[in-house]
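Examination of the molecular architecture
Residues per chain are reported as follows:
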Amino acid sequence: MDSGPLIQSHQPAFREIPSVFPAEFTRQLGPGGYPSLQPQESLLREYLRVLIKHKWTLVGCVALIFGAVLIATLRSTPIFEAVGSIAINKPDPVLNFRDSNNAAMDYYDPTDLDTEVRILRSDLLALQVIRQLNLDQQPQFGGNGRPQRAGTVGLTTDVLQADSPQTTEALDAFKAALRVNLEVNTRIIDIHFRSPDKHLTSRVVNTLVNTYVEQNFKTRFESTMQTSDWLSKQLVDLQMKVETSQEKLVQYQKAHEILGIDEKQNITTQKLDELNKELTAAESARMQKESVYHLVQSGDPDSLASASSVEGEAKGSTNASSLLDKLRGQDADLKIQVAQLGTQFGPSYPKLAQLNGQLQEVDAQIQVEVRKIAGRLRGDYLAAVQHENMLHAALERQKQEANQLNESAIEYTLLKRDVESNRALYEGLLEKLKEAGVTAGLRSNNVRPVDIARVPTAPSEPNLPRNLSFALALGLTTGFGLAFLLESIDNTVRTPEQAEVLSGLPSLGMIPLGSSIHTEASARQRLTVAASKEAVELITQSRPQSQMAESYRALRTSLLLTSLGTPPKVILITSALPEEGKTTTSINCAIVLAQKGTRVLLIDADLRRPSIHKTLGMGPRVGLSNVLTGAITLQEAMIRSDIQPNLFVLPAGTPPPNPAELLASSEMKDVLAKLREQFDHIVVDTPPTLSVTDAVIMATRADAVVLVIRSGQTTKQALRRSRDILMQVNARVCGVLMNAVNLDSPDYHYYYEYQGKYGERYYQEQELSPTDEPRANSGD
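Read on for a plain summary of the structure. (Residues numbered from 1 in each chain as written. Predicted model: local features only at pLDDT ≥ 70, side-chain atom pairs only at ≥ 80, totals over all residues. Heavy atoms only, no water.)

**Overview of the overall build of the protein**
Let me state the cut-off plainly: Numbered from the N terminus, helices here are DSSP runs of H or I no shorter than four residues, and strands are runs of E no shorter than two. Exposure classes here rest on a 1.4 Å probe applied to the protein chains alone. A residue is buried below 20% of its type maximum, exposed above 50%, and partly exposed in between. Throughout, a contact is declared for two residues whenever any of their heavy atoms are within 4.5 Å. Note on areas: these come from Shrake-Rupley sampling with a 1.4 Å probe, and a residue is covered only by the protein chains present in the view.
Across its full length, the protein holds 25 helices and 12 strands. Expressed as a percentage of its 780 residues, the buried residues of the protein come to 43%. Counted over contacts in the protein with a minimum sequence separation of 6, partners at least 24 positions apart contribute 80%. Carbon together with sulfur atoms contributes 54% to the accessible area of the protein, which is approximately 41700 Å² in total.

**Considerations on the sheet that holds strand E12 (residues 733-741)**
Selection rule: Here a strand pair is declared whenever DSSP counts at least two bridges between the two strands. In this analysis an axis means a line fitted to C-alpha atoms, helices contributing only their contacting stretch, and an angle means the value between N-to-C directions, from 0 to 180 degrees.
Overall, mixed pairing links the 8 strands, which are arranged E5-E12-E11-E6-E10-E7-E9-E8 in an open sheet. Each edge of the open sheet carries a strand with a single partner, namely strand E5 (507-512) and strand E8 (639-640). Taken together, the 4 bridges between E5 and E12 define a ladder with parallel strand orientation. Counterpart to Gly509 in the pairing with E12 is Leu737. The strands that helix H17 (residues 582-594) touches are strand E6 (570-575), strand E7 (600-604), strand E9 (647-650), strand E10 (681-685), strand E11 (704-710) and E12; relative to E10, the one it contacts most, it runs at about 170°. Lying over the sheet, helix H24 (residues 716-728) contacts E11 and E12, oriented at roughly 170° with respect to E11.

**Looking at the sheet that holds strand E3 (residues 188-195)**
With respect to topology, 4 strands assemble into an open sheet ordered E2-E3-E1-E4, the strand pairing being antiparallel. One side of each edge strand has no neighbouring strand; the edge strands of this open sheet are strand E2 (178-182) and strand E4 (447-451). For this sheet, the mean angle separating the axes of adjacent strands, direction not counted, is 25°. Bridge count between E2 and E3: 5 bridges; the pairing is antiparallel.

**Notes on a nonpolar patch on the surface**
Applied cut-off: By definition, no residue in a patch forms a salt bridge, and every one has over 30% relative accessible area; like charges are joined within 9 Å, nonpolar side chains (Val, Leu, Ile, Met, Phe, Trp, Tyr) within 5 Å. For this document, the term salt bridge refers to a Lys or Arg side-chain nitrogen within 4 Å of an Asp or Glu carboxyl oxygen.
There is a patch of nonpolar side chains on the surface, built from Leu482, Leu485, Leu486 and Ile489 and spanning about 340 Å² of accessible area. Here Leu485 shows up in helix H12 (residues 464-489). On the basis of relative accessible area, Leu485 is assigned to the partly exposed category, the value being 45%.

**A look at the side chain of Asp606**
As a reminder of what qualifies: Any pair of N or O atoms that falls within 3.5 Å is considered a polar contact. Within protein, one atom must be able to donate a hydrogen and the other to accept it, and sequence-neighbouring residues count only if both atoms are side-chain atoms.
Looking at the element boundaries, Asp606 is found in the loop between E7 and helix H18 (612-615). Among the polar contacts made by the side chain of Asp606, one reaches the main-chain amide nitrogen of Arg609 at a distance of 3.3 Å. Among all residues touching Asp606, those that are not within four sequence positions of it are Lys582, Ala652, Asp685, Thr686 and Pro687.

**Here's the deal with unusual backbone geometry**
Residue Pro462 is reached from Glu461 by a cis peptide bond, and omega for that bond is 0°. Positionally, Pro462 belongs in the loop between E4 and H12. Unlike most non-glycine residues, Asn185 shows phi in positive territory, near 60°. Positionally, Asn185 belongs in the loop between E2 and E3. Look at Asn730: it is not a glycine, yet its phi comes out positive at around 60°. For Asn730, the position within the fold is in the loop between H24 and E12.

**A closer look at the pairing of E12**
Stated formally: By definition, the crossover connecting two strands over a helix is right-handed if that path, from the first strand to the second, turns clockwise as seen with the strands pointing away from the viewer.
Extensive coverage of E12 is indicated by the burial of 9 of its 9 residues. Of the pairings in the sheet, the one linking E11 to E12 comprises 6 bridges and is parallel in character. Bridging across to E12, Val706 finds its partner in Gly735. Of the crossover connections in this fold, the one passing from E11 over H24 to the parallel E12 is right-handed.

**Quick word on the environment of Leu425**
With respect to the helices, strands and loops of the structure, Leu425 is situated in helix H11 (residues 350-440). As for Leu425 and Val242, which are separated by 183 residues in sequence, their C-alpha atoms are 9.5 Å apart.

**Things to note about the nonpolar core**
For the record, the criterion: Working definition of a nonpolar core: buried Ala, Val, Leu, Ile, Met, Phe, Trp, Tyr and Cys residues. They are joined through side-chain atoms within 4.5 Å.
By size, the foremost hydrophobic cluster in this structure holds 45 residues, and its most contacted members are Leu601, Ile603, Leu624, Leu650, Leu675, Ile682 and Val705. Of all hydrophobic cores here, the second largest spans 32 residues; its members include Leu120, Phe174, Val205 and Tyr212.

**Quick word on the pattern of salt bridges**
Tallied over the full model, the rule gives 13 salt bridges. Among the ionic pairs, Lys53 bridges to Asp490, the shortest N-O distance being 3.5 Å. Of this pair, Lys53 sits in helix H2 (residues 39-53) while Asp490 sits in the loop between H12 and helix H13 (496-503), placing them 437 residues apart in sequence. The partner of Asp724 in a salt bridge is Arg723, with the nearest N and O atoms 2.6 Å apart. An identical accessibility class is assigned to Asp724 and Arg723; each is buried. Residues joined in a network through salt bridges with shared partners are Lys53, Glu487, Asp490 and Arg494.

Structure representation (structure tokens):
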């Protein structure tokens, strides 16, 4: 039979994810097509399973912590707490150097309230209260309850002298019992004091409030008096400064002949503006006349005519321009007449000569008029230049005068401002000095009590509900942590899912414990099914309707239906370590296979510690070892079992000195070949794989290998190691069988509850005792 696909489908998953919980709840199976539970749905189930499994640990932690807290709470001394409150208003604005009219809008620094809270916690106030109430005599503050001489507790004024131990102890105890806190978004401060004496708590709070109010007023009064003294000294100096600054101002006015700086400065500035405007107009006129003059010098008649027109418009006269225009008009008329006559009569016409003479005379007059106009324009241009220069010189002189005036005005303004500031400061300080004198005579304070401390009627501690709630929460947390810690320390395999993930092999089923019967059964039914070892190993025959028998039939189904190709003939049963139930599994597996009506042979291949012949009551006999050594034949060694007519047994025989060599010999191979022809199924019981190599040798010749592990006993390392050993020799490992499963364990609470109830109901219906022989049932 081809084993390639079977071996390939069961390659192990070697990588494992470390976790507090078993690895099957953190990943899925890839090889082999056997997926584990989905992490999202299995994690919650795993949490509940761990808690149910370690429920007594959880209950013990809760009970221990709850009881300890309850006893400690009931034995603790009652503590009373008194509460008083004060309001811190905005400070009095009388001595505020800003405008008193806007005092209501002044910003008040919130840190001032924190400062007041710190003052209430100060050692000075604490010592004053301790001294007033003689708290140093109280046992709570380190006293012995007997009166002491006055002045035992006090605050020394010498910073180099340390407080006495009694003072330090009293202060520490007082500040430990005192709690001062500021209410949010208010100016109200709450003062709490705790003590076993409920009357003392209210007295301490009220005394502390009164002492603080008195000290606050005293501090403000002393501050006011100090301010008044300082203002008096400053006023003398300011008065001298005012007089000196006024004298300097008067002397400066006399030296620079300043009689009202504002009026004179306005006249000088106005005159400077007027000269600047006139200079601008003169420059404009000069540039206009200069352009006209240059136009005339070009000699162009048309330019001269236009310049004459511009000059006439500037002066408001049109005589010169009109005369020149008239002469130019005559010249044009004469030229027209000369042209007409010359064309009509020829150049020798007498009247033409007369007209030429008139034309020459008109041209001469035009030249004379042009020279007159040019001379006039030149004179106007020179006059404009002279006027501009005069205005420019006058403007420069005015600028110098203005600069001198500005320099004098700067010094004058500084002196005047000094006088005004000194006078204003003097008047302000004088007003504040008067206000300080009034304030010193008034008993004003910005601190007022809001609620006085009353004697508490009930203790604030111990708070029994709170302490018990905390104890319950702590107990549950500790119990949860301890339960998960114990679960993470457990290194054994407990469920088929764990076995699948760790080995990479499918689970063939599970075999429950022989005594697993649910609690609702009667006392007679709860007796153990396995009264002896033999009864457990023959459970499929003695009690075919029991849970164990049903589990073995499920194993038979897994072996016959899940194998590739034809059902396996040679089935090898092994385990990782001893005492894991491989022999019991071998016997019951052979019985359930024989119950199908097939010929089955059970071989005891554990030549070192054989036990099948003892279980079946055969006594010492020859067997496999004798066949392999040639002492007897195979037919002589096989025995028909009394359990099933078609079940045969081949005992181990006499223990040989070399069992591994015998099993690996060619004789063993020949024996198996002969047996394959005679039987439908051959069940081989072998030693553990991690103890000796016998099982590994036989595994290579088997059609299917069943690896038996014991729930709660086989370690994860042993399972993985045995799997690796079998895979290294290409053994046809078809799966893992979980043996000795406790169905009452939380590990199987959600999976196998129906099976347990089904088996229990069967016993109730059949009215069978655990020792009664059930009805024969050879079917599945």
